[in-house]
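Topology and contacts: notes
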Amino acid sequence: MAEEHRCEAPEGHRLCANNCGFFGSPATLNLCSKCYRDLRLKEEQASSVKSAVEKSLSSASAAASSSSTAPLSPPALTLPEAANEITAPGAVAAAPSSTQPSRCCTCRKRVGLTGFRCRCGITFCGVHRYPEQHGCTFDFKKPGKEAISKANPVVKADKLHKI
């Protein structure tokens, strides 16, 4: 970069070895402070990776030596679940019905991705999404009461005998 601007580095200063345009020093391998810090980070990461690989190899070799007395058995192969779906004809027939467009249960309006699924399990449009609008059968108080009863158990102390 200094060559482009036709300026010379002053006496005792050298440009960074990475040609980033800043000055480096012999103490930092003729690199600027930023390039030197990046170089050190790369070296530290490489050393940490190397030590992790050595640890894993040593533990793997220790495990291999301990298991060498036992006969080696091939790992069990598991088939993907897709094979199970092919054998079941009912599962194939159920897939096309889920791709049909969803509709509001009250007005039969097509809702698509913007449909609201109520706690009673039925999909509704924006107008009928509220429980009051579609006559919801779900008891909203019951889960709240159960959560409160689980969070606050009844604590009874032993009765004291009167003197």
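Looking at the packing of aromatic side chains
Given two aromatic rings, one states the distance between the centres and the angle between the planes to describe the pair. One pass over the full model with this rule turns up one aromatic pair. Seen from their ring centres, Phe-138 and Phe-140 are 5.0 Å apart, and the 80° between their planes marks the pair as edge-to-face. Take Phe-140: its relative accessible area is 36%, and that puts it in the partly exposed class. The positively charged end of Arg-129 is found above the aromatic ring belonging to Phe-116, 4.7 Å away from the centroid.

As for a nonpolar patch on the surface
Together, Val-49, Val-53 and Leu-57 give the surface a local cluster of nonpolar side chains, amounting to about 270 Å² of exposed area. Counting through the fold element by element, Leu-57 comes out in helix α1 (residues 33–67). For Leu-57, a relative accessible area of 55% gives the class exposed.

Points about the confidence of the model for the chain
Close inspection of predicted coordinates is inappropriate for parts of the model with low pLDDT. Of all residues in the chain, 67% attain a pLDDT of 70 or more, and the chain-wide mean is 75. The least confident element of the chain, judged by mean pLDDT, is helix α2 (residues 82–87) at 43; the most confident is helix α5 (residues 141–151) at 92.

Digging into unusual backbone geometry
Although it is not a glycine, Leu-29 adopts a positive phi angle of roughly 60°. Assignment of secondary structure puts Leu-29 in the loop between β2 (23–24) and α1. In this structure Leu-29 comes out as exposed when scored by relative accessible area, which is 51%. Located in the positive-phi region is Asn-30, a residue other than glycine, with phi close to 60°. We classify Asn-30 as partly exposed; its relative accessible area is 26%.

A closer look at the side chain of His-128
Looking at the secondary structure, you find His-128 in the loop between β4 (123–124) and α4 (131–134). A residue is classified by how much of its surface remains accessible, and His-128, at 15% relative accessible area, is buried. Apart from the residues lying within four places of it in its own chain, the contact partners of His-128 are Cys-104, Thr-106, Cys-107, Gln-133 and His-134.

Side note on the environment of Asn-19
Structurally, Asn-19 is set in the loop between β1 (14–15) and β2. The spacing of Asn-19 and Leu-31 is twelve residues in sequence and 8.9 Å in space, taken between C-alpha atoms.

Quick look at the nonpolar core
Cys-104, Val-111, Cys-118, Phe-124, Cys-125 and Cys-136 together form the largest nonpolar core, which totals six residues. Cys-16, Cys-32, Cys-35 and Tyr-36 belong to the second largest nonpolar core, which has five residues in total.

Quick word on the pattern of salt bridges
Overall, the coordinates contain two salt bridges when judged by the stated rule. The partner of Lys-34 in a salt bridge is Asp-38, with the nearest N and O atoms 3.5 Å apart. Of this pair, Lys-34 and Asp-38 are both found in helix α1, four residues apart, which corresponds to roughly one turn of the helix. Of the residues examined, Lys-34 reaches a relative accessible area of 48% and is grouped as partly exposed. Relative accessible area serves as the criterion here: at 30%, Asp-38 is assigned to the partly exposed category. Here Glu-43 makes a salt bridge to Arg-40, at a shortest N to O gap of 2.8 Å. On the criterion of helical spacing, the pair formed by Glu-43 and Arg-40 is a turn pair, its members being three residues apart in helix α1. Given a relative accessible area of 33%, Arg-40 falls into the partly exposed group.

Description of the side chain of Thr-28
Here Thr-28 lies in the loop between β2 and α1. The class for Thr-28 is buried, based on a relative accessible area of 17%. For Thr-28, the side chain forms a polar contact with the main-chain oxygen of Leu-31, separated by 2.6 Å.

So, how was this worked out
Residues numbered from 1 in each chain as written. Predicted model: local features only at pLDDT ≥ 70, side-chain atom pairs only at ≥ 80, totals over all residues. Heavy atoms only, no water. Phe/Tyr/Trp six-rings, centres within 6.5 Å; stacked < 30°, edge-to-face > 60°. Buried < 20%, exposed > 50% of the residue type's maximum accessible area, 1.4 Å probe, protein only. Lys NZ or Arg CZ within 6 Å of the ring centre and 35° of its normal. Patch = residues over 30% accessible without salt bridge, like charges linked within 9 Å, V, L, I, M, F, W, Y side chains within 5 Å. Areas by Shrake-Rupley, 256 points an atom, 1.4 Å probe, with all protein chains shown as cover. Salt bridge = Lys/Arg side-chain N within 4 Å of Asp/Glu carboxyl O. Helix = DSSP H or I, 4+ residues; strand = E, 2+ residues; numbered from the N terminus. pLDDT = per-residue confidence, 0-100. Contact = heavy atoms within 4.5 Å. Core = buried A, V, L, I, M, F, W, Y, C linked by side-chain atoms within 4.5 Å. Polar contact = N/O pair within 3.5 Å; in protein donor to acceptor, adjacent residues only side chain to side chain.

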